[in-house]
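Residue-level structure breakdown
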Amino acid sequence: MKQATSKADKLFDILNITIVIMISLIILYPLVFVVNASFSDPTRIYEVPLLLYPRGFNVEGYKEVLKSTDIWTGFKNAVIYTGLGTIINLTVTTVAAYPLSRPGLRGKKFITLFFTVTMFFSGGLIPTYLVNQQLGIVNTIWVMILPGALGVYNMILMRTYFSQNIPNDLIESAYIDGANDLWLLWKVVLPLATPIIAVMAMFYGVGRWNAYFDALIYLQDRAKYPLQIILREILVQGQFGQDMNQIIAGSAESELLMLKMTLKYSVVIVSSLPVLLFYPVVAKYFEKGILVGSIKG
């Protein structure tokens, strides 16, 4: 017989749901504001304290942003850095995590400790820069890809997932049938590890798409700048590319500040859109991959 829910339980559920909804609204409102502001008449954005819908529909900011060669070049570079970098990240992480998940690997504890130490200690910015300079990858696309090829925390998550979710009996059966380690990893392990691979792809992809500090330090050629550097110049430094400066210079003085404001909001949406579109694709794997992969270290 189903136990009746007490009034205290109902009150707790109502209170809990209310708090979650309020926190969600607080988190989502900045994004909602930027989206609405990018489509609003810039003279009407601050008419009300809360901008819950566009006021005076306007897409001029998007039109001008899409005319900018700096934006298109930055977008292309960001796609290259994110796509190629994420593929390398997944490859290196998988190759490192799978052997460490197998009980028969000699020195597994020492190797894991060696990896873990790097999470807390590093050479610092200047030694890292000197190493990259000696390798000859400064001011190339490889400086945006190779130095961050392995995330130790992500590798530990993937190793834990492999050890908990890949049955030893299945692996032993494959060995009996004559499979080697590479065939086993490609044909048996990876097909069973779709959730954690999707989660790792999201972690690495979002991190690389939003990264700007490495580009700020290592890249001098503007043609190699990712989109986030262009966005930083516009939002933080108030600098616009040559194309945008021509657009602004051709505007009336009374429209100057409003045009800059519209361009800023539009650039934020353009730079955030790929991440917003990517998340729903891997969302169904996210909970399973994280919860199962982080039960024990």
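Bear in mind that the values here come from a model prediction, so they are computed numbers and not experimental data.

Here the focus is the nonpolar core. With 31 residues, the main nonpolar core has F33, I45, I71, L219 and Y265 as its most contacted residues. Sorting the residues of this core by element identifies α1 (7-38), α2 (60-67), α3 (69-101), α10 (213-218), α11 (227-235) and α13 (253-293) as the ones contributing at least two each. The dominant element in this core, judged by the number of residues it contributes, is α13, at 7 residues. A domain-level breakdown of this core finds at least three residues from each of domain 1 (1-57) and domain 2 (67-295). Apart from residues no more than four positions distant in its own chain, Y265 is found in contact with F33, V34, A37, S38, I45 and Y46.

By the secondary structure assignment, S40 is in the loop between α1 and α2. Sequence separation between S40 and F57 is 17 residues, and the spatial gap between their C-alpha atoms is 5.0 Å. S40 has contacts with I45, L51, Y53, P54, R55, G56 and N58, leaving out every residue within four places of it along the chain. Of note is the side chain of S40, whose polar atom sits 2.9 Å from the backbone nitrogen of R55.

What follows concerns the packing of helix α4 (residues 108-117) against helix α6 (residues 152-165). Interaxial distance between α4 and α6 falls to 9 Å at its minimum, and their mutual angle equals 145°. In this structure, α4 crosses over α6, and the sense of that crossing is left-handed. Residue-level contacts link T112, F115 and T116 of α4 to V152, M155, I156 and R159 of α6. For the contact of α4 with α6, the residue count by class is 4 nonpolar, 2 polar and 1 charged.

Take the pattern of salt bridges next. Within the structure shown, the criterion is met by 3 salt bridges. A salt bridge links D221 to K224; the nearest nitrogen and oxygen atoms lie 3.1 Å apart. Given a relative accessible area of 23%, K224 falls into the partly exposed group. For the salt bridge of E233 with R222, the shortest nitrogen-to-oxygen distance reads 2.9 Å. Taken together, the positions of E233 in helix α11 and R222 in the loop between α10 and α11 put the pair 11 residues apart, joining distant regions of the chain. The network of salt bridges with common partners includes D70, R222 and E233.

Following the criterion strictly, the structure yields 8 aromatic pairs and no others. On the basis of an interplanar angle of 70° and a centroid distance of 6.5 Å, the ring pair of F114 and F115 is categorised as edge-to-face. Grouping aromatic residues by their ring pairs yields a cluster made of Y29, F33 and Y265.

What follows deals with a nonpolar patch on the surface. Taken together, the side chains of L113, V117, M119, F120, F121 and Y153 define a hydrophobic patch exposed on the protein surface, amounting to about 680 Å² of accessible area. Structurally, the position occupied by L113 is in helix α4.

Procedures and definitions
- Residues numbered from 1 in each chain as written.
- Predicted model: local features only at pLDDT ≥ 70, side-chain atom pairs only at ≥ 80, totals over all residues.
- Heavy atoms only, no water.
- Core = buried A, V, L, I, M, F, W, Y, C linked by side-chain atoms within 4.5 Å.
- Buried < 20%, exposed > 50% of the residue type's maximum accessible area, 1.4 Å probe, protein only.
- Helix = DSSP H or I, 4+ residues; strand = E, 2+ residues; numbered from the N terminus.
- Domains from an automatic or database assignment.
- Contact = heavy atoms within 4.5 Å.
- Polar contact = N/O pair within 3.5 Å; in protein donor to acceptor, adjacent residues only side chain to side chain.
- Axes fitted to C-alpha atoms, helices over the stretch in contact; angles between N-to-C directions.
- Left-handed = near helix turned anticlockwise from the far one by under 90°.
- Nonpolar A, V, L, I, M, F, W, Y, C, P; charged D, E, K, R; others polar.
- Salt bridge = Lys/Arg side-chain N within 4 Å of Asp/Glu carboxyl O.
- Phe/Tyr/Trp six-rings, centres within 6.5 Å; stacked < 30°, edge-to-face > 60°.
- Patch = residues over 30% accessible without salt bridge, like charges linked within 9 Å, V, L, I, M, F, W, Y side chains within 5 Å.
- Areas by Shrake-Rupley, 256 points an atom, 1.4 Å probe, with all protein chains shown as cover.

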